[in-house]
Amino acid sequence: QGTRVITFPSVLKWNTIPLTDIILDLLEIGENSLGCPVEIEFASNVYDEDDKPSEFCLLQIKPLVTRSLDRFEELESSSPENIICKSEAALGNGIIQGIQDIILVDPQGFDPAHTKIMAKEIEFLNIKLEGKPCILMGPGRWGSADHWLGIPVKWQQISNAKVIVELGIEDFPVDPSFGSHFFQNVTSMRIGYFTVNHKKKSDDCNLKWIKSQHTQKKKKYTRLIHLENPLLVKIDGRTGTGIIQKPVEQKMELMDEQESSGI
């Protein structure tokens with residue numbers, strides 16, 4: 001009597017197939033490979049016949065969404081002097097922390113004729129990071145197949161990028177890609193994607209401050225900048241607004257100096 005309920009007791013209680021062990025192994029392998037907790041999608045065929053083995057099929061594996069930006073007013077409360085980059089065309093949603101490295105393609109002296117060389121330099125700096133997350137920043141369309149429109153990098157060349165910034169510059173008028181060349185990576189790996197439009201007053205990037213920080217490695221067109229303290233990235237997925245803030249510890253030290261000097 002009563003409503004029929006599917007409970008899978010033969011699998012979960014009597015261990016007809018080692019489903020739990022398989023899932024635990026896959027979750028561990030996935031986390032070790034992607035560097036973060038993962039979620040999986042699977043299907044299984046369970047056969048009672050002795051001569052027909054049961055089957056397990058992994059359908060999908062991707063990083064687990066673990067944090068979102070719950071308080072969107074935090075963007076509005078950020079002091080303008082502490083913001084080093086702002087975009088009203090940012091992809092993503094949430095807070096990204098723990099980034100202390102920036103790979104920068106300096107817009108000053110940028111030449112679209114040499115973007116293939118830039119891609120090789122970026123690959124070199126990406127390897128130097130040894131798996132540490134970074135912000136990738138430079139002019140044009142990242143990942144463009146046409147090297148005259150942007151830097152033609154492949155994903156493996158920028159695999160440490162947790163935030164990607166496309167900088168619009170006056171002498172290089174190309175339409176932004178809005179992450180289209182790495183759309184699958186951007187969405188599945190929760191990568192922040194900023195488009196800074198040089199024609200919009202609301203969009204800005206403080207390149208002077210960024211280039212004043214410690215340059216760990218410098219190539220002809222690119223440089224790897226290392227910060228003593230991590231940056232804070234916030235993206236409001238409802239409005240498409242994103243900001244990158246100066247390190248919190250650095251701001252506190254500045255406040256202490258101002259108080260001691262009577263400011």
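Fair warning: this is a prediction, and the values are worked out from it, not measured in the lab.

1. So, helix α2 (residues 19-34)
Helix length check: α2 (16 residues) gives 22 Å between terminal C-alpha atoms against 22 Å at 1.5 Å per residue, within 8%. Those residues of α2 that fall on the buried side of the exposure criterion are Leu19, Ile23 and Gly30. Buried residues along α2 cover an arc of 35° about the axis, so they all sit on one side. Pointing more than 90 degrees away from the buried face of α2 are the exposed residues Leu24, Ile29 and Asn32. Close packing links the buried residues of α2 with α1 (9-12), β1 (38-45) and β2 (55-63). The first or second residue beyond α2 is Gly35, which carries a positive phi of 80°.

2. What about the pattern of salt bridges?
Scanning the entire structure with this criterion turns up 4 salt bridges. For the salt bridge of Lys200 with Glu88, the shortest nitrogen-to-oxygen distance reads 3.5 Å. With a gap of 112 residues between them, Lys200 in the loop between β8 (192-196) and β9 (204-205) and Glu88 in the loop between β3 (83-87) and β4 (90-91) connect regions that are remote in the sequence. You can call Glu88 partly exposed: its relative accessible area is 36%.

3. Section: the packing of aromatic side chains
Under the definition given, this model contains 1 aromatic pair. Seen in terms of ring centroids, Phe42 and Phe56 are 5.2 Å apart; in terms of plane orientation they differ by 25°. Their pairing is stacked. Highlighted residues: Phe42 in strand β1 and Phe56 in strand β2, separated in sequence by 14 residues. Overall, Phe42 belongs to the partly exposed group, its relative accessible area being 34%. Of the residues examined, Phe56 reaches a relative accessible area of 25% and is grouped as partly exposed. Lying over the aromatic face of Phe124, Lys219 brings its terminal NZ or CZ to 4.4 Å of the ring centre.

Cut-offs used in this document
Residues numbered from 1 in each chain as written. Predicted model: local features only at pLDDT ≥ 70, side-chain atom pairs only at ≥ 80, totals over all residues. Heavy atoms only, no water. Helix = DSSP H or I, 4+ residues; strand = E, 2+ residues; numbered from the N terminus. Expected span 1.5 Å × (residues − 1). Buried < 20%, exposed > 50% of the residue type's maximum accessible area, 1.4 Å probe, protein only. Arc of directions from axis to C-beta. Contact = heavy atoms within 4.5 Å. Salt bridge = Lys/Arg side-chain N within 4 Å of Asp/Glu carboxyl O. Phe/Tyr/Trp six-rings, centres within 6.5 Å; stacked < 30°, edge-to-face > 60°. Lys NZ or Arg CZ within 6 Å of the ring centre and 35° of its normal.

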